[in-house]
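Report on the structure
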Amino acid sequence: MKKTIFVTGGAGFIGSALVRFLINETDNQVINIDKLTYAGNLESLESIAQNERYSFEQADIVDKDAMRSLFAKYQPDYVMHLAAESHVDRSIDGPGEFIQTNVVGTFSLLEAAREYYKEQPQEKQQTFRFHHISTDEVYGDLGDTGLFTEETSYEPSSPYSASKAASDHLVRAWYRTYGLPVVVTNCSNNYGPYHFPEKLIPLMILNALEGKPLPVYGDGKQIRDWLFVEDHARALYKVVTEGEIGETYNIGGFNEKQNIEVVHTICALLEELAPDNALAKSSGGDGFESLVTYVADRPGHDVRYAIDATKIERELGWRPVETFETGIRKTIEWYLENSVWCQHVQDGSYMRERLGSKN
Ligand code: NAD
């Protein structure tokens, strides 16, 4: 049956992919609740903004009264909570906003949801879900081998991951203590279209196209698992509709790569996909590679994250469709075709400067 779904942070990278998925691939009603920080961009939703099943509410999740009135106004069936401060380097420069939005904001939203849930008739209570979207960074650093599972204990390293860990604990406590029906997902690094260019992959693509240095932290051997954002959106919908209450599901791409490998792949694909670029033409093959610049590592940088995503496959039948090779190609093609979005997103305060290294 058709549901009314709150998506917090729907103007962000993953949130906008989820909203586009929900409007294009389901018949649900979507309410996007977003404060529109530097990371929120309504241009990412232009393709669905006129749809009658879509509404936008500019609001801060920290503001409990605002959240209460949105629950009263729309009477949602599901809350999919993605709003967050999400960039590790920013959390090193200024952790305060991370505590406010990620911890206090999640608390406000949980309280508004709990008050609303209590007042609902039994049939509505049975189907209501609060889905908290989190990160594999809560598990901390992994050695050379092994994988994070849903049972791995929490050991966050950065202010960002500590704030996300705190919010995960709050969500589970609201289930255990108050019986709020929650599901939690922890996912690996997402990439894909509409990604704000402070994160590794879009930063490298855009810098390379402009002939700017490609800053690689430390020796570039940090390992991350890469998840294509549209695969993630499908996984999130699976979990909110079919996941078991109180359970956690790890979502990963089955694509472990060293950061430097990612950069090499981007350079090679740009040679092929942007042959008219001056660097691609001038160099006879290693033009983009010549931009790679090693810079001081991030303080507290975790060496390896890798996720065991077999539970969601086994229990809910989800697997990513994209491999890293197909996903990164689609991503680069998208950035080449969407220079207007890229220009607009960079008109704000962020100009691809280095963050998180000034202390
Ligand atoms: P993002 O930074 O691109 O978007 C965050 C969105 O939240 C923005 O639209 C912003 O305006 C909004 N927002 C921020 N503070 C708010 C507030 N106080 N009230 C309302 N809205 C607010 O983030 P993303 O990469 O799309 O990540 C979404 C979620 O997924 C986050 O919770 C993040 O922790 C989690 N996550 C992301 C990744 C990743 O690779 N990007 C990996 C694992 C988990």
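Our subject is the structure that appears above.
Criteria and thresholds
Residues numbered from 1 in each chain as written. Predicted model: local features only at pLDDT ≥ 70, side-chain atom pairs only at ≥ 80, totals over all residues. Heavy atoms only, no water. Near = heavy atom within 4 Å. Polar contact = N/O pair within 3.5 Å; in protein donor to acceptor, adjacent residues only side chain to side chain. Areas by Shrake-Rupley, 256 points an atom, 1.4 Å probe, with all protein chains shown as cover. Helix = DSSP H or I, 4+ residues; strand = E, 2+ residues; numbered from the N terminus. Nonpolar A, V, L, I, M, F, W, Y, C, P; charged D, E, K, R; others polar. Pairing = 2+ DSSP bridges. Axes fitted to C-alpha atoms, helices over the stretch in contact; angles between N-to-C directions. Contact = heavy atoms within 4.5 Å. Buried < 20%, exposed > 50% of the residue type's maximum accessible area, 1.4 Å probe, protein only. Expected span 1.5 Å × (residues − 1).

Around the ligand, 29 residues are found, and the nearest of them are Ile14, Asp34, Ser86, Tyr160 and Lys164. Separating an oxygen atom of the ligand from a side-chain N or O atom of Lys164 is a distance of 2.6 Å. Look at the ligand: alone it shows 840 Å² of surface, and the protein chains cover 96% of it. Of all elements in the fold, only α1 (13–25), β5 (129–135), α6 (159–178) and β7 (189–191) reach the threshold of two or more residues within the shell around the ligand. Of the residues contributing to the shell around the ligand, the split by class is 13 nonpolar, 12 polar and 4 charged.

Spatially, 3 strands are ordered β7-β9-β11 in an open sheet, and the strand pairing comes out mixed. Edge positions in the sheet fall to β7 and β11 (256–258), since each has one partner strand and no second. The mean angle between the axes of side-by-side strands here comes to 50°, regardless of whether they run parallel or antiparallel. Each of β9 (223–228) and β11 is contacted by helix α9 (residues 259–273), which is oriented at about 85° to β11, the strand it contacts most.

So, about the sheet that holds β5. In a beta sheet, neighbouring strands are held together by backbone hydrogen bonds and run either parallel or antiparallel to one another. Across the sheet, 7 strands lie side by side as β3-β2-β1-β4-β5-β6-β10; this open sheet has parallel pairing. Across the chains shown, the open sheet's two edge strands, defined by having one partner strand only, are β3 (54–58) and β10 (248–251). Each neighbouring strand pair of the sheet contributes to a mean axis angle of 20°, computed without reference to strand direction. In the packing of α6 onto the sheet, the strands contacted are β5, β6 (182–187) and β10, and the crossing angle to β5 comes to about 155°.

This part takes up the side chain of Asn259. Mapped onto the elements, Asn259 comes out in helix α9. Accessibility expressed as a relative area gives 11% for Asn259, which makes it buried. When residues no more than four places from it in sequence are discounted, the contact partners of Asn259 are Leu200, Gly220, Gln222, Arg224 and Trp226.

A word on α1. One full turn of an α-helix is made of 3.6 residues, so residues set three or four places apart face in the same direction. With 13 residues, α1 should reach 18 Å at 1.5 Å per residue; the first-to-last C-alpha distance of 18 Å fits that figure. Where burial is concerned, most of α1 is hidden: 11 out of the 13 residues are buried. Listing the buried residues of α1 in full gives Phe13, Ile14, Gly15, Ser16, Ala17, Leu18, Val19, Arg20, Phe21, Leu22 and Ile23. Along its buried surface, α1 packs onto β1 (4–8), β2 (29–34), β3, β4 (78–81), β7 and α8 (229–242).

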